[in-house]
Amino acid sequence: MSGEGMIAEPRAMHGGNGLTTAGMARLKQLMHRGTEFLGCDYAILGGAMSWISERNLVSAISNAGGFGVIACGAMTPDLLDTEIAETKKRTTRPFGVNLITMHPMISELIDVCAAHQVTHVVLAGGLPPSGAIDRIKGNGAKLIAFAPALALAKKLIRSGADALVIEGMEAGGHIGPVSTSVLAQEILPEVAKDIPVFVAGGIGRGEAIAAYLEMGAVGVQLGTRFVCATECIAHANFKKAFLRASARDAIPSVQIDPRLPVIPVRALKNQEMTNFAAKQVEVAGRLDSGEIEMGEAQLQIEHYWAGALKRAVIDGDVESGSVMAGQSVGMVKREEPVAEIIAELVDEAAAALDSRG
């Protein structure tokens, strides 16, 4: 089901769960702007998760009718070049690349995306640097940006963003302070008519997808639900941690020193969450002594997280590694192919819409 070009049709289309086609027709109608914008069958973006959203998972999501997104993270331009090329070998369907705005080589990374004619570039981690938006769009790609507040959403639209993702604090990895449901109520009524908006954070079932679509979103983004996909390369220990966890186990990191602005990270509670507090104290001390400047301090924190996440995802060290997970982790029940995950989400969303008549 997850081979190149093989799209999993939702069970609803076959009448296997008693649905009429009305719910599916309504779902396609509500997702139309999103699927047209992305060029896929279902407006379901794969969240960009470092070390996880690589060639295998990304291509599987796109092949199943969703929209995979490569997590560039701390990759060098050469590594990103290889990752895009390897993803292209595994799918002929559209996929995107997520770039972190604070990456010191973001200009070169944009060039790599252009060389591969990447159709969609996602910018995350703060306001895009000067000229980045114009360069991305000038290369022919569509730009998707993260908007954690209404004012920033409007600013990004004025700056030329083609679509927005609004992600609440229920998400895994780096998070903001506001919940998905509040952000959706704040932002969707104001901007959804002007620009395609995707909702993310804490989404684990199709009923939630249907609700956000009815509020004006054109699609959604999910990360946590895909971690235990068969095609995901995460270590067996990492997946087992997800399968054992409940929503209450996915907690945000604590900021130790207010002078060091650290974006909270949501992950499963373990020894690593304690270790990060000590790391903040160390970096703050170097900042106070003048040994490093604020920009370098923030990059050190980012590199720390990248290393901690790799220990968990690749090496399987789920105690001293960072097991980043959203609060929807309790809805991850088993390891299964991406195509089945997407089919289940689509079925649930169509059934919810069908029940409303």
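Described in the following lines is the structure provided in the data block. (Residues numbered from 1 in each chain as written. Predicted model: local features only at pLDDT ≥ 70, side-chain atom pairs only at ≥ 80, totals over all residues. Heavy atoms only, no water.)

1. Side note on the side chain of threonine 180
Inclusion rule: Strands here mean DSSP runs of E at least two residues long; helices mean DSSP runs of H or I at least four residues long; both are numbered from the N terminus. Burial classes follow relative accessibility: with a 1.4 Å probe on protein chains only, a residue under 20% of its type's maximum area counts as buried, one over 50% as exposed, and anything between as partly exposed. The term polar contact refers here to a pair of N or O atoms within 3.5 Å; inside protein, the definition further demands a hydrogen-donor-capable atom paired with an acceptor-capable atom, and it admits residues adjacent in sequence only when both atoms are side-chain atoms. Throughout, a residue-residue contact means that at least one pair of heavy atoms, one from each residue, lies within 4.5 Å.
Here threonine 180 lies in helix H7 (residues 180-191). When its relative accessible area of 1% is taken as the criterion, threonine 180 is described as buried. A distance of 3.1 Å separates a polar side-chain atom of threonine 180 from the backbone oxygen of alanine 200. Excluding anything up to four places from it in sequence, threonine 180 contacts Gly168, Met169, Glu170, Val199, Ala200, Gly201 and Tyr212.

2. Quick look at the sheet that holds strand E7 (residues 173-174)
Which entries qualify depends on this criterion: For two strands to be treated as a pair, DSSP must find no fewer than two bridges joining them.
In spatial order, the strands read E7-E11-E10; together these three strands make up an open sheet with antiparallel pairing. Bordering the open sheet on either side are E7 and strand E10 (250-252), each of which pairs with just one other strand. Here E10 runs beside strand E11 (residues 265-268); their pairing, made up of three bridges, is antiparallel. Of the residues in E11, the one forming a bridge with alanine 250 is leucine 268.

3. Remarks on helix H3 (residues 77-90)
Worth spelling out the cut-off: Take the residue count of a helix, subtract one, and multiply by 1.5 Å to get its expected span.
With 14 residues, H3 extends 20 Å between its outermost C-alpha atoms, agreeing within 8% with the 20 Å of an ideal straight helix rising 1.5 Å per residue. Of all the residues in H3, the buried ones are Pro77, Leu80, Glu83, Ile84, Glu86 and Thr87. Contacts made by the buried residues of H3 are with helix H2 (55-63), strand E2 (68-71), strand E3 (95-100) and helix H4 (106-115).

4. Looking at the pattern of salt bridges
Which entries qualify depends on this criterion: By definition here, a salt bridge exists when the distance from a side-chain nitrogen of Lys or Arg to a carboxyl oxygen of Asp or Glu is within 4 Å.
Under the criterion given, the structure shown has 18 salt bridges. In this structure, the salt-bridge partner of aspartate 41 is arginine 93, at a minimum N-O distance of 2.3 Å. With aspartate 41 in the loop between helix H1 (21-38) and strand E1 (44-46) and arginine 93 in the loop between H3 and E3, the pair connects residues that are 52 residues apart, well separated along the chain. Across the pair glutamate 83 and arginine 55 runs a salt bridge, and its minimum N-O distance is 3.0 Å. In this pair, glutamate 83 sits in helix H3 while arginine 55 sits in helix H2, placing the two residues 28 residues apart along the sequence. Judged by its relative accessible area of 8%, glutamate 83 falls in the buried class. Salt bridges sharing partners connect three or more residues here, namely Arg55, Glu83, Glu86, Lys89 and Arg90.

5. Regarding the environment of leucine 156
Mapped onto the elements, leucine 156 comes out in helix H6 (residues 150-159). In the structure, leucine 156 is positioned 153 residues away from leucine 309 in sequence and 30 Å away in space, judged by C-alpha atoms. Ignoring sequence-local partners within four residues, the contact set of leucine 156 consists of Leu127, Pro128, Ala145, Phe146, Ala147, Ala161 and Leu164.

6. With respect to unusual backbone geometry
Even without being glycine, tryptophan 51 reaches a positive phi, approximately 70°. Within the secondary structure layout, tryptophan 51 lies in the loop between E1 and H2. On the basis of relative accessibility, which here comes to 37%, the residue tryptophan 51 falls in the partly exposed class. Of note in the backbone geometry, glutamine 117 takes a positive phi value of approximately 55° without being a glycine. Topologically, glutamine 117 is positioned in the loop between H4 and strand E4 (120-124).

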